[in-house]
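Report on the structure
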Amino acid sequence: MRVVTTAQPRQAVDLDVQPSPLALLLLGREADPRSERGVECPGDLPSPSDPDLVERARAAKEKLGDKVFVLGHHYQRDEVIQFADVTGDSFKLARDAANKPEAEYIVFCGVHFMAESADILTSDDQKVVLPDLAAGCSMADMATAEQVAECWDVLTEAGVAESVVPVSYMNSSADIKAFTGKHGGTICTSSNAKRALDWAYEQGEKVLFLPDQHLGRNTAVRDMGMSLDDCVLYNPHKPNGGLTVEELRNAKMILWRGHCSVHGRFSLESVEDVRARIPGVRVLVHPECKHEVVAAADEVGSTEYIIKALEAAPAGTKWAIGTELNLVRRLANAHPDKEVVFLDKTVCFCSTMNRIDLPHLVWTLESLAAGTLVNRIEVDRETESFAKLALERMLALP
């Protein structure tokens with residue numbers, strides 16, 4: 001098992017994080033086959049100790065040439081990011097893939113729902129590949145098609161379904177995106193959630209927000225002036241979502257009980273602790289964090305917002321960032337003139353995102369270079385049609 005260590009420069013050491021035993025499991029070197037989609041490659045996976053991995057990846061990528069386009073999500077490891085043709089958040093990368101029609105293979109170094117989105121937006125001639133099928137998303141998995149269909153039945157029986165517009169976060173499965181499109185809703189990202197909700201309330205009186213409760217709550221309360229009482233939490237594991245008919249009828253926002261396992265771990269204590277340790281620090285967090293964390297922060301924004309905020313910040317400023325550790329560490333190294341620390345003292349990697357490591361990328365590129373298509377992510381036509389409809393509604397937002 002490989003222990004992750006921080007780089008030696010001051011700004012990297014200042015992240016002040018220590019890997020816990022659980023975090024080491026989540027780094028991608030171990031797996032629980034009972035809970036993962038797939039952890040074995042149908043071939044020989046290179047050893048992580050192979051000193052030629054970087055050269056092998058470079059050679060395979062050069063052999064493929066314009067036939068391959070490698071996408072790297074911001075939360076990926078540095079060892080993988082170095083081979084990305086473009087980097088960004090999930091939606092930006094999916095659109096980048098769609099704008100590269102000459103690429104036969106789209107290698108998505110991200111997680112499952114991201115690869116699905118890329119397949120939805122790219123042409124039928126393009127093949128989307130996920131280097132490790134175990135790279136899923138715990139948040140996306142918190143809302144299944146069956147659960148959401150049952151929820152709609154509950155809303156129908158309560159007599160409110162006709163006034164409900166579903167809004168689903170980009171971090172959702174193709175099935176959930178399709179449900180959203182089929183029921184007149186739209187998709188949103190963390191940067192356009194308010195615009196999506198403004199649009200939804202022009203269509204109906206209530207919103208069913210899937211699957212991240214925190215982004216929905218923070219947008220409604222912080223950005224739209226609603227109260228916490230306007231929001232109710234639908235728990236798919238309880239009869240009728242754990243809500244009464246009266247609660248459903250009175251609610252403006254019906255939040256799905258889902259969350260990001262990374263952003264959900266930041267706490268108010270984390271904010272208070274970093275302010276005590278670093279006088280003058282500015283706390284910048286992602287809107288997937290809990291409401292009390294967002295309320296206590298100085299700034300709140302999407303991944304792209306966080307990156308741009310650090311780029312624009314004056315030299316000498318101090319920042320505590322509440323988002324995935326790979327990105328925070330990369331930002332710290334990119335801005336040696338600023339003090340950049342991780343908001344929490346313990347490791348907070350995106351566990352399944354980290355399953356895509358250099359051995360998996362090498363195996364993928366070498367397989368494609370040898371003419372073998374591996375780990376293709378393909379969304380069926382009907383699901384793709386309705387999911388694309390929901391995505392197109394988002395693209396048409398003012």
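In what follows, the accompanying structure is described. Since we're looking at a predicted model, the values are computed, not measured. (Residues numbered from 1 in each chain as written. Predicted model: local features only at pLDDT ≥ 70, side-chain atom pairs only at ≥ 80, totals over all residues. Heavy atoms only, no water.)

**A few points about the overall build of the protein**
- Looking only at helices and strands, the protein features 17 helices and 14 strands.
- Counting across all 398 residues of the protein, residues that qualify as buried make up 57%.
- Within the protein, contacts between residues at least 6 apart in sequence are counted, and of these 69% link residues at least 24 apart. (Helix = DSSP H or I, 4+ residues; strand = E, 2+ residues; numbered from the N terminus. Buried < 20%, exposed > 50% of the residue type's maximum accessible area, 1.4 Å probe, protein only. Contact = heavy atoms within 4.5 Å.)

**A short note on the sheet that holds strand β10 (residues 282-285)**
- The sheet built from four strands is open, its strands ordered β11-β10-β12-β13 with parallel pairing. Looking at strand neighbours, the two that pair on one side only are β11 (299-300) and β13 (339-342), the edges of this open sheet.
- Where strand β12 (residues 318-322) lies against β13, four bridges are found, and the strand directions are parallel. Paired with lysine 318 across the two strands is glutamate 339, which belongs to β13.
- Of the strands in this sheet, β12 and β13 are in contact with helix α15 (residues 325-334), which crosses β13 at around 165 degrees. (Pairing = 2+ DSSP bridges. Axes fitted to C-alpha atoms, helices over the stretch in contact; angles between N-to-C directions.)

**A few points about the environment of proline 236**
- In this fold, proline 236 is placed in the loop between β8 (231-234) and α11 (245-250).
- In the structure, proline 236 is positioned 21 residues away from arginine 257 in sequence and 7.2 Å away in space, judged by C-alpha atoms.

**Concerning helix α8 (residues 174-182)**
- Across the nine residues of α8, seven count as buried, placing the element largely inside the fold.
- Burial in α8 covers these residues: Ala174, Ile176, Lys177, Ala178, Phe179, Thr180 and Gly181.
- Elements in contact with the buried residues of α8: α6 (112-121), α7 (145-157), β5 (164-169), β6 (186-188), β7 (206-210) and α17 (381-395).
- Positive backbone phi, at 80 degrees, marks glycine 184, one or two positions downstream of α8.

**Quick notes on the nonpolar core**
- One finds Val107, Phe209, Met253, Val285 and Leu365 to be the most contacted residues of the largest nonpolar core, which totals 108 residues.
- With near-sequence residues (within four places) excluded, valine 107 lies in contact with Val68, Phe69, Val70, Leu71, Val129, Pro131, Leu361, Thr364, Leu365 and Leu368.
- Ranked by size, the runner-up nonpolar core spans 21 residues in total, among them Trp152, Val232, Leu248 and Ala251. (Core = buried A, V, L, I, M, F, W, Y, C linked by side-chain atoms within 4.5 Å.)

**Describing the packing of helix α5 (residues 90-98) against α6**
- In contact at an axis separation of 8 Å, α5 and α6 are set at 35 degrees when each is read in the N-to-C sense. Where α5 crosses over α6, the handedness of that crossing is right-handed. Between α5 and α6, the residues in contact are Ser90, Phe91, Ala94, Arg95 and Ala98 and Phe113, Met114, Ser117, Ala118 and Leu121, respectively.
- When the residues that make up the contact of α5 with α6 are grouped by side-chain class, the tally is seven nonpolar, two polar and one charged. (Left-handed = near helix turned anticlockwise from the far one by under 90°. Nonpolar A, V, L, I, M, F, W, Y, C, P; charged D, E, K, R; others polar.)

**As for the sheet that holds strand β14 (residues 376-377)**
- Across the sheet, five strands lie side by side as β2-β1-β3-β4-β14; this open sheet has mixed pairing. At either margin of the open sheet sits one strand with a lone partner, and together these are β2 (86-88) and β14.
- Of the strand pairs in this sheet, strand β1 (residues 68-73) and β2 are connected by three bridges, and their pairing is parallel. The residue bridging glycine 72 from the neighbouring strand is threonine 87, located in β2.

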